[in-house]
Amino acid sequence: MNDTEELRSLLLSRIADVLDYPKPGVVFKDITPLLADAKAFGALTDALVELCERHRADKVVGLEARGFILAAPVAVRAGLGFVPVRKAGKLPGATLAQSYELEYGSAEIEIHADALRPGDRVLVIDDVLATGGTAEASVQLIRRTGAEVAGVAVLLELGFLPGRERLAPALAGAPLETLITV
């Protein structure tokens, strides 16, 4: 077994399926057991740090809320700055906002207006890629600051949902890195 298969096996063994959450028919992928396991969380952090290095990132953006949990230790370990992308109305001061469409309605995310500069290479980190709306909006938001998207990295991609297809045009050639696809 190679390192990638070992990492995938370790991470999958620490992700719990929660049936009928948040509504009947949904199988929620709970990463809290992974976070509670120092070995698994450390291995995940190391894998994401390696992606920062491979894609020559200068900053790490974490998407609210579980993306914060993954991205912050990656930024510290990689020696990079961490920038949160939050739901609208959660950041003080001057912000840039990006709206995006949900299955039923719309939502908006924000970033501090001065958090990124032209020329910054940014790796976006989140826990799950599902329909791709938040990731797509974050890529658009980062580009509006003048920064470059070095890539998007997620722990888990739900391959049965259209997230990858929705995100591809916004990535404009930047890589989408998924550690696990189910």
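One can find the structure itself at the top, above this paragraph.
From a predicted model like this one, the values you see are computed outputs, not experimental measurements.

Calculation notes
Residues numbered from 1 in each chain as written. Predicted model: local features only at pLDDT ≥ 70, side-chain atom pairs only at ≥ 80, totals over all residues. Heavy atoms only, no water. Phe/Tyr/Trp six-rings, centres within 6.5 Å; stacked < 30°, edge-to-face > 60°. Buried < 20%, exposed > 50% of the residue type's maximum accessible area, 1.4 Å probe, protein only. Helix = DSSP H or I, 4+ residues; strand = E, 2+ residues; numbered from the N terminus.

Asker: Before we move on, can you summarise the packing of aromatic side chains with the specific residues and values?
Answerer: Scanning the entire structure with this criterion turns up two aromatic pairs. Aromatic pair Tyr-21 and Phe-28: ring centres 5.2 Å apart, planes at 85°, arrangement edge-to-face. Classification of Tyr-21 as partly exposed rests on a relative accessible area of 45%. With relative accessibility at 23%, the residue Phe-28 sits in the partly exposed group. Taken together, a centroid distance of 6.1 Å and an interplanar angle of 85° make the contact between Phe-68 and Phe-82 edge-to-face. In this pair, Phe-68 sits in helix H4 (residues 66–78) while Phe-82 sits in strand E4 (residues 81–87), placing the two residues 14 residues apart along the sequence.

Asker: Give a description of unusual backbone geometry that names residues and reports values.
Answerer: What is expected of a backbone is that most residues other than glycine have negative phi and most peptide bonds are trans. The amide bond that connects Tyr-21 to the next residue, Pro-22, takes the cis arrangement and shows omega of 5°. Along the polypeptide, Pro-22 turns up in the loop between strand E1 (16–19) and strand E2 (27–30). Here Glu-64 and Ala-65 are connected by a cis peptide whose omega angle stands at -5°. Tracing the chain through its elements places Ala-65 in the loop between strand E3 (59–63) and H4. The phi dihedral of Asp-20 falls on the positive side, at around 60°, and the residue is not glycine. Its location among the elements puts Asp-20 in the loop between E1 and E2. Here Asp-20 falls in the partly exposed class, since its relative accessible area comes to 48%. Positive phi outside glycine occurs at Ala-172, with the angle close to 50°. Mapped onto the secondary structure, Ala-172 falls in the loop between helix H6 (163–171) and strand E9 (176–181). Looking at Ala-172, the relative accessible area reads 61%, which means it is exposed.

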